[in-house]
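In case you want the letters, here they are:
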Amino acid sequence: LKQLAGACFSLLALPYRHCKVQPKQVTFLSNRSDRLSGNIKSVFLEMTKVPGVEITVLCHKGNLLHSLPVLRQFLRLYATSQVVFVDDYYHLLSYVKKKPEVQLVQLWHACGAFKTFGYSRQGEQALPQGSPNHRQYDYAIVSSQQVCPCYAEGFGIDLQKVLPLGSPRCDRFADDRYKAAFTKRFYAENPKLADKKIVLFAPTFRGGGQGNCYYPLEKFRPDDLLDALPEDTVLATKMHPYLTERPTCQRAEHTNRFIDLTDRYDVNDLLFVSSVLITDYSSVVYEASILNLPMLFYAFDLESYCKERDFYCDYASFVPGRIVRTMEELTHALQTEDYQQEKVAPFYTRNFDDTAGKATQNVVHFAKELLHIPTDHLPL
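Residues numbered from 1 in each chain as written. Predicted model: local features only at pLDDT ≥ 70, side-chain atom pairs only at ≥ 80, totals over all residues. Heavy atoms only, no water.

Per the counting criterion, the structure on display carries three cavities of 30 Å³ or more. Quantified by volume, the largest cavity comes out at close to 60 Å³. Around the largest cavity, the lining comprises 13 residues; the ones closest to its centre are Leu107, Ala110, Ile141, Val142 and Ser143. Here the residues of the lining of the largest cavity sort into eight nonpolar, five polar and no charged. If you add up the space inside the second largest cavity, you get close to 50 Å³. Taken together, Ala13, Tyr16, Arg17, Leu75, Tyr78, Ala79, Val96, Lys97, Lys98 and Lys99 form the lining of the second largest cavity. At the level of elements, α1 (2–17) and α3 (68–80) are the ones that each hand at least two residues to the lining of the second largest cavity. Here the residues of the lining of the second largest cavity are counted per class, giving six nonpolar, no polar and four charged. (1 Å grid on protein atoms, 1.4 Å probe; cavity = no way out; pocket = protein on both sides within 12 Å on 5 of 7 lines; lining within 4 Å. Points joined across faces, edges and corners; volume = space filled by probe spheres on them. Nonpolar A, V, L, I, M, F, W, Y, C, P; charged D, E, K, R; others polar. Helix = DSSP H or I, 4+ residues; strand = E, 2+ residues; numbered from the N terminus.)

Turning our attention to the sheet that holds strand β3 (residues 81–86). Taken in spatial order, the six strands of this open sheet run β2-β1-β3-β4-β5-β6, and their pairing is parallel. One side of each edge strand has no neighbouring strand; the edge strands of this open sheet are β2 (54–59) and β6 (162–163). Summarising the sheet, strand β5 (residues 139–141) and β6 pair through two bridges and their orientation is parallel. Its bridge partner being in β6, Ile141 is matched across the sheet by Leu163. Packed on one face of the sheet, helix α13 (residues 359–370) meets β3, β4 (103–106), β5 and β6 and runs near 155 degrees to β3. (Pairing = 2+ DSSP bridges. Contact = heavy atoms within 4.5 Å. Axes fitted to C-alpha atoms, helices over the stretch in contact; angles between N-to-C directions.)

What follows deals with the sheet that holds strand β13 (residues 295–298). The six strands are arranged β11-β10-β7-β12-β13-β14 in an open sheet whose pairing can be described as parallel. With one partner strand each, in any of the chains shown, β11 (258–260) and β14 (322–324) form the two edges of the open sheet. Geometrically, the sheet is characterised by an average inter-axis angle of 25 degrees between neighbouring strands, direction not taken into account. Across three bridges, strand β10 (residues 233–237) lies against β11 in parallel orientation. Paired with Thr237 across the bridge in β11 is Asp260. Each of β7 (197–201), β12 (276–279), β13 and β14 is contacted by helix α11 (residues 327–336), which is oriented at about 175 degrees to β13, the strand it contacts most.

Moving on, we get to the pairing of β12. Successive side chains on a regular strand alternate, one facing one side of the sheet and the next facing the other. Here β12 shows no split at all, with Val276 and Ile278 on one side and Leu277 and Thr279 on the other all buried. Note that β7 and β12 share three bridges and pair parallel. Within β12, the position partnered with Val199 by the bridge is Val276. Looking at chain direction, β12 and β13 are connected through three bridges and run parallel. Within β13, the position partnered with Leu277 by the bridge is Met295. Regarding topology, helix α8 (residues 284–290) serves as the crossover connection from β12 to the parallel β13, and that connection is right-handed. (Buried < 20%, exposed > 50% of the residue type's maximum accessible area, 1.4 Å probe, protein only. Right-handed = clockwise from strand over helix to strand, strands pointing away.)

A word on the confidence of the model for the chain. For the chain, per-residue confidence averages 89 on the pLDDT scale, and 93% of positions sit at 70 or higher. The secondary-structure element of the chain with the lowest mean pLDDT is α1, recorded at 72, while β13 shows the highest, at 98. (pLDDT = per-residue confidence, 0-100.)

The relative placement of two packed helices comes down to the angle between their axes together with the axis-to-axis distance. In the contact formed by helix α2 (residues 38–47) and α13, the axes pass within 9 Å of each other and the chain directions differ by 60 degrees. Judged on the interaxial angle alone, α13 and α2 are oblique. The crossing of α2 and α13 is right-handed. Residues Ser42, Val43, Glu46 and Met47 of α2 form the contact with α13, whose own contacting residues are Thr360, Gln361, Val363, Val364 and Ala367. Classifying every residue of the contact of α2 with α13 gives five nonpolar, three polar and one charged. (Parallel < 35°, antiparallel > 145°, perpendicular 65-115°, else oblique. Left-handed = near helix turned anticlockwise from the far one by under 90°.)

It is worth spelling out helix α12 (residues 344–352) at this point. For α12, every residue scored as buried is listed here: Val344, Phe347, Asn351 and Phe352. In an axial view of α12, the angular spread of the buried residues amounts to 100 degrees, which keeps them on one side of the axis. Packing partners of the buried residues in α12 comprise α8, β13 and α10 (315–318). Following α12 by one or two positions, Asp353 adopts a phi angle in the positive range, close to 50 degrees. (Arc of directions from axis to C-beta.)

Here you go:
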């Protein structure tokens, strides 16, 4: 089946192989959503300010094979753009050989190197070692020097191609105006929370991925937490977008202190109004560390999760906060404010170097070099 798909792609791509690469043409590809978000959105917005650059965006969540017009657009853009940005595993790259003149840049969608990905993964969900997909990247942009080897391994590319320019979507955390604007909007839309302390619960999923994942809700009991926490404390939940399950309160007296924000706001923006973050294996810990936010890691299934997914480092010594294994331990840590917060600052330093607030400009400066556009000196 894969060979047949490859043959079909070769035929469809043939007319575009003879098209010339257009100078200063830049394409942003994403299949994570029907619109740009995160790192790739930040870079796109800044690239629109560069004179003389022709920019095209192709966002299409799901399988491009179901849309022939979009598929043809991808093949044309991939064959004619001088620079192409992606922000995740882009399936179609496995079937089309990249032209040497096209510069393919992986921005990825997360910070640091936490859970293994790409060629680092083992087992049924792993990317086949023979796949050319990630190996076609000319460059990969990462958040710090320390994580470069992990991305080189995960993408199967030379270490020299991994550039620690920073995480563009994290620049907002160094922008006081952005923080103030979001905080003002959040409390205008949620006036009952204005004088409350917000505990944010933002776990990741278990299972294979989109369409094949879950979270064991029986392990998280909002009523038990709210029973033990002061009346001025609100529990907000932000479940992973892949998940359909939602935690609920069973007792009426807690309904005013429980709010599900899964379908509202960006999880990173919610960190601005949160006092404590409860998570497990989510990469949101990186953004939280920029704000020096207290964190608790509710890892009730640590052994099985490590066995199924695995990490680039030892989880227990890596995470920037206290690990709790039961609801009782979680409740006690919140009551006593026992977060081991001293771990946050060194975690931040390791994973961001000094790029906070400068990452987007760093990437755009690099893109201009690839496009042979003169630039003012910008220290990286």
